[in-house]
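# Architecture and fold: a report
Next come the chains, spelled out residue by residue.
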Amino acid sequence: MKIAVCVKQVPDSETRINLAEPSAELDRSGFTRVLNPYDAYAVEEAIQIKEKLGDDTEVTAIIIGGEQVMESVKKDCLAVGCDKAIRVTDELDNAEALQIAKVLTAVVKRDGYDLVLCGKQAIDDDDSQVGIMLAELCDMAHVSVVTDLEFDGNNFTATREIEGGSEVVKGATPALFTCQKGLNEPRLPSLPNIMKAGMKPVELLTCADLGIEVPAAHTEITTYIPPAKRGECKIIENEDPAAAAQELAKLLREEAKII
Amino acid sequence: MPNIAVFIEQRDGEAKKVAWQMINHARKITDASGGEVWGVFLGKDAGNNAADAGSWGAHKLFTAIDENLAGYNSELYTTAVASFCSANNPDLVLMGATAMGKDLAPRLAARMDCACVSDSIDVNFDNGFTIRRPVFAGKCYTDVNIKSNTAVVGIRPNSFNLDQPGSDSATAETFDPGIGGVTPKATVAEVKATSGGAIELTEADVIVSGGRGIKEADNYKMIEELAGVLNAGTGASRAIVDAGWVDHSHQVGQTGKTVSPNLYIACGISGAIQHLAGMSSSKCIVAINKDSNAPIFKAATYGIVADLFDVVPALKEAIQSLD
Ligand SMILES: Cc1cc2nc3c(=O)[nH]c(=O)nc-3n(C[C@H](O)[C@H](O)[C@H](O)COP(=O)(O)OP(=O)(O)OC[C@H]3O[C@@H](n4cnc5c(N)ncnc54)[C@H](O)[C@@H]3O)c2cc1C
Ligand SMILES: Nc1ncnc2c1ncn2[C@@H]1O[C@H](COP(=O)(O)O)[C@@H](O)[C@H]1O
């Protein structure tokens, strides 16, 4: 089985956005960059499938991004068990999801993967789009927001989260899954494996190599806007908790008018 | 003169409230700028939806009625909505940013090769559409302009208020979903409900959440009891989900659910940046925490600095005794 894992490097979840007023640009220079947390579930799932199926299963991490993404690729993909990586080098850093999906489609079609794993969402743009678009463009089945995945030969049974429950989806490979927390517990890389990861093959590609033009965007971000400032918190000062609770109930009813 | 199509999501025949919120908002745009609002309904029978869609402001309701569209199937629904779009050319297709809408929108936009904007909170029209949406888990917002002829836009539930319904009915039309020859590559074999009757957080008007301050799993009952009197959903911080005290479906935050209720009550939650990411767009936030320096108070509208074991049961009683 040939497995592709599509990964992205994102600012870590502690990142603070310093934006005083609406602006056409966002300063991203001070961000600490990490593997997108949902992509760690995708990487782990691929490795577990390889461990189950044996060595003729090959796991390739695919990433579109600049040189700096290689740190995450080495530490969080190759060092934990991906066999190789492909990096598409065109400048597509803040490209929209469909542009990314079109480039990934060219890679997936060239190499013919049986299984493609993505994160359910990148925690910077919060799009939740790329994986599903890639499945559509590759004419594959997909299941999004997967918390459980089983294979029986080429047939899969995937469980995905929906409001108030779950959906169990069945189908056959080739297929794409977007991974959600709960699917597995990603392993951590060991120091020796991080050292060895440097020796695993990394293929560098451009859109031109893939025989496509750099896809054009259908959307444009015109403005970045800081969240509306909240007023001061009104602290209910009352030594007696029961009285404070009554006061709060009254404020919610009469001032906020929400209960 | 924009024509705006609104996908009316149904489960077991019942339409989601977010559909009416979108229709209501779309109608304000077309009243100001011309054009029409079209409801698009897929299912095994049309039910009352023409009357309902009309009362919220839709000019027309387009239905595709087919046994195979009774429940959600990503490929069949994509084909059906794409068929509708190629026959009617809407300028915008709105759908709820729900489990279904988030799954359908990207597949549809990829098929139509058009703009796709997820999880948005506002839509404006002025010489073209501008969509506002949070990024970085709500630490920042963006305004997005659409450059393609049509666009698929997901709308976060509760982003638009619902006005009073009118008495109009939408003109009922049907369309061919074009699914005749399509054999989907994946199918939904089963839909399981995890918690009978529990209020879904992403749709809830009120949420009561508990964090590590509740001290042990059993005390989550206290959160549930307060939620009970408010008809609220119950949320949780990641700390108590990871501890196994409550199921992940309750987790609010960057790696949990993003919620925007009218009222969010955080009990024994410190207010870590990843938790705030999931709930800071709530209209009113109440923090109950014994540490007056907890960051949650920076996000809160009202705060009580005290032991939650005293305050939470007292609040339940105080709310019950409001008339
Ligand atoms: C990549 C990543 C993603 C994350 N995603 C999420 C997420 O989605 N959601 C999330 O919630 N967190 C998330 N976190 C974790 C987050 O950083 C915090 O660790 C977590 O939110 C803390 O939970 P808590 O507030 O319940 O616990 P604590 O931070 O331990 O806070 C407990 C609070 O309870 C108060 N307290 C204690 N006893 C009482 C009492 N008797 N009465 C009143 N108050 C009391 C304390 O003063 C304290 O403020 C994420 C972290 C990372 C790194
Ligand atoms: N630049 C990229 N290179 C490779 N995969 C990506 C890239 N951007 C997004 N993805 C994949 O698509 C998923 C969803 O991203 P998004 O649609 O941006 O939320 C991510 O979790 C990755 O699996």
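It should be noted that the structure appears before, not after, this text.
The structure reproduced in this document is the subject of the present report. Since the model is a prediction, treat every value here as computed from it, not as a measurement. Once a new chain begins, its residue numbering starts again from 1 and follows that chain's sequence as written. Lettering for chains starts from A, numbering for ligands starts from 1, and both go in the order in which the items are written. The predicted origin of the model limits local features to residues at a pLDDT of at least 70 and limits the giving and counting of side-chain atom pairs to 80 or more, whereas totals for whole chains, interfaces and linings rest on all residues. Note that water and hydrogens are dropped before the side-chain values are worked out from all heavy atoms of the structure.

## Topic: the site of ligand 1
We count it as follows: In these notes, residues near a molecule or strand are those with any non-hydrogen atom within 4 Å of it. As used in this structure description, the phrase polar contact means that two N or O atoms lie within 3.5 Å; if the pair is within protein, one of them must be able to donate a hydrogen and the other to accept it, and residues adjacent in sequence are counted only when both atoms belong to side chains. Computed with the Shrake-Rupley method and a 1.4 Å probe, the accessible areas treat only the protein chains shown as cover for residues. Put simply, DSSP H or I for four residues or longer makes a helix, DSSP E for two residues or longer makes a strand, and each gets a number counted from the N terminus. Note that Gly is not counted as nonpolar here; it falls among the polar residues with everything else outside the nonpolar set of Ala, Val, Leu, Ile, Met, Phe, Trp, Tyr, Cys and Pro and the charged set of Asp, Glu, Lys and Arg.
In the vicinity of ligand 1 lie 27 residues, with S237, T255, S270, Q274 and H275 of chain B positioned nearest. Surrounding ligand 1 are residues belonging to chains A and B, so the site spans chains. One nitrogen or oxygen atom from the side chain of K215 of chain B is found 3.3 Å from a nitrogen atom belonging to ligand 1. K290 of chain B has a polar backbone atom sitting 3.1 Å from a nitrogen atom of ligand 1. Alone, ligand 1 offers 1000 Å² of accessible surface; in the complex the protein occludes 80% of this. Broken down by secondary-structure element, the contributors of at least two residues to the shell around ligand 1 are α6 (238–242), α7 (273–279) and α9 (308–320) of chain B. When the residues that make up the shell around ligand 1 are grouped by side-chain class, the tally is seven nonpolar, 14 polar and six charged.

## Brief notes about the pattern of salt bridges
For clarity, the threshold we go by: By salt bridge we mean one thing: a side-chain nitrogen of Lys or Arg within 4 Å of a carboxyl oxygen of Asp or Glu.
Applying the stated criterion across every chain, the model contains 32 salt bridges over all chains. In this structure, R87 of chain A and E67 of chain A form a salt bridge, with 3.2 Å as the shortest nitrogen-oxygen distance. Here the residue R87 of chain A occupies a position in strand β5 (residues 84–88), and E67 of chain A occupies one in the loop between β4 (58–64) and α2 (70–78), the gap between them amounting to 20 residues. The residue D113 of chain B makes a salt bridge to K102 of chain A at a minimum N-O spacing of 2.8 Å.

## Quick look at the packing of aromatic side chains
This is how the line gets drawn: The aromatic pairing rule takes the rings of Phe, Tyr and Trp, using the six-membered ring of Trp, and pairs them if the centres are within 6.5 Å, calling planes under 30 degrees apart stacked, those over 60 edge-to-face and the rest tilted. The cut-offs for exposure are 20% and 50% of the maximum accessible area for each residue type, with area from a 1.4 Å probe on protein chains only; residues under the lower value are buried, those over the upper are exposed, and the others partly exposed.
Per the stated rule, a full pass over the model turns up eleven aromatic pairs over all chains. Taking 6.0 Å as the distance between ring centres and 70 degrees as the angle between the ring planes, the aromatic pair formed by F31 of chain A and F136 of chain B counts as edge-to-face. Pair noted here: F31 of chain A is in the loop between β2 (9–11) and β3 (33–35) and F136 of chain B is in the loop between β9 (129–135) and β10 (140–146), and the two residues belong to different chains. Taken as a pair, F31 of chain A and F136 of chain B share a single burial class, namely buried. Ring centres of W38 of chain B and F62 of chain B lie 5.7 Å apart, and the angle between their planes is 70 degrees; on these two criteria the pair is classed as edge-to-face.

## Here we look at the site of ligand 2
Residues and elements named next belong to chain A. Lining the immediate surroundings of ligand 2 are 19 residues, of which C6, D39, A122, S128 and Q129 lie closest. Within the side chain of D39, one N or O atom sits 2.4 Å away from an oxygen atom of ligand 2. When isolated, ligand 2 has an accessible area of 490 Å², and the protein chains bury 98% of it. Of all the secondary-structure elements, those providing two or more residues to the shell around ligand 2 are β4, α3 (97–111) and β6 (115–119). With three residues, β4 is the single largest residue contributor to the shell around ligand 2. When its residues are assigned to classes, the shell around ligand 2 shows ten nonpolar, five polar and four charged.

## Concerning the sheet that holds strand β13 (residues 186–193) of chain B
Through backbone hydrogen bonds, the strands of a sheet pair up, either in parallel or in antiparallel fashion. To keep things clear, this is the line we draw: Whether two strands pair comes down to DSSP finding at least two bridges between them. All axes here are fitted lines through C-alpha atoms, helices being fitted over the stretch that makes contact, and every angle between N-to-C directions spans 0 to 180 degrees. In what follows, residue pairs with any heavy atoms lying within 4.5 Å of each other are defined as contacts.
Strand order across the open sheet formed by ten strands is β11(A)-β5(A)-β4(A)-β1(A)-β6(A)-β10(A)-β7(A)-β8(A)-β9(A)-β13(B), with mixed pairing between neighbours. Single-partner strands in this sheet number two, and they are β11 (202–205) of chain A together with β13 of chain B. Averaged over neighbouring strand pairs, the angle between their axes works out to 30 degrees when direction is ignored. Bridge analysis of strand β8 (residues 155–162) of chain A against strand β9 (residues 165–172) of chain A gives eight bridges, and the strand direction is antiparallel. By the bridge assignment for β9 of chain A, N155 of chain A is matched with A172 of chain A. Set on the sheet, helix α4 (residues 99–112) of chain B makes contact with β7 (141–152) and β8 of chain A; between it and β8 of chain A the angle comes to about 120 degrees.

## As for the interface of chain B and chain A
Stated precisely, the cut-off is as follows: Here the quantity called buried area is the total loss of accessible area, with a 1.4 Å probe, experienced by two parts when brought into contact, counted for both.
Taken together, the contact between chain B and chain A spans 86 residues of the former and 77 residues of the latter. Across the chain B/chain A interface, buried area totals approximately 6700 Å², and carbon plus sulfur atoms make up 57% of it. Taken as a group, R107, F136 and Y302 of chain B account for 12% of the area that chain B buries against chain A, more than any other trio of residues on that side. Where chain B meets chain A, there are eight salt bridges. Across the pair R107 of chain B and E136 of chain A runs a salt bridge whose closest N-O atoms are separated by 2.9 Å.

## Some remarks on unusual backbone geometry
Following T173 of chain A, the chain continues to P174 of chain A via a peptide bond in cis, the omega torsion being 5 degrees. Here P174 of chain A is to be found in the loop between β9 and β10 (175–179). Unlike most non-glycine residues, V145 of chain A shows phi in positive territory, near 55 degrees. Along the chain, V145 of chain A turns up in strand β7. Of note in this structure, N89 of chain B is not a glycine but carries a positive phi near 50 degrees. Positionally, N89 of chain B belongs in the loop between α3 (74–88) and β6 (92–96). Residue class for N89 of chain B comes out exposed when judged on its relative accessible area of 55%.

## Observations regarding the sheet that holds strand β17 (residues 284–289) of chain B
Across the sheet, six strands lie side by side as β13(A)-β18(B)-β17(B)-β16(B)-β14(B)-β15(B); this open sheet has parallel pairing. Bordering the open sheet on either side are β13 (234–235) of chain A together with β15 (233–236) of chain B, each of which pairs with just one other strand. Here four bridges tie strand β14 (residues 206–210) of chain B to β15 of chain B, and the two strands are oriented parallel to one another. Each residue of the ladder has a partner; that of G210 of chain B, found in β15 of chain B, is A236 of chain B. This element, helix α6 (residues 241–254) of chain A, spans β13 of chain A together with β16 (263–267), β17 and β18 (302–305) of chain B of the sheet and lies at about 175 degrees to β18 of chain B. Along the sheet, α9 of chain B makes contact with β16, β17 and β18 of chain B, crossing β17 of chain B at roughly 135 degrees.

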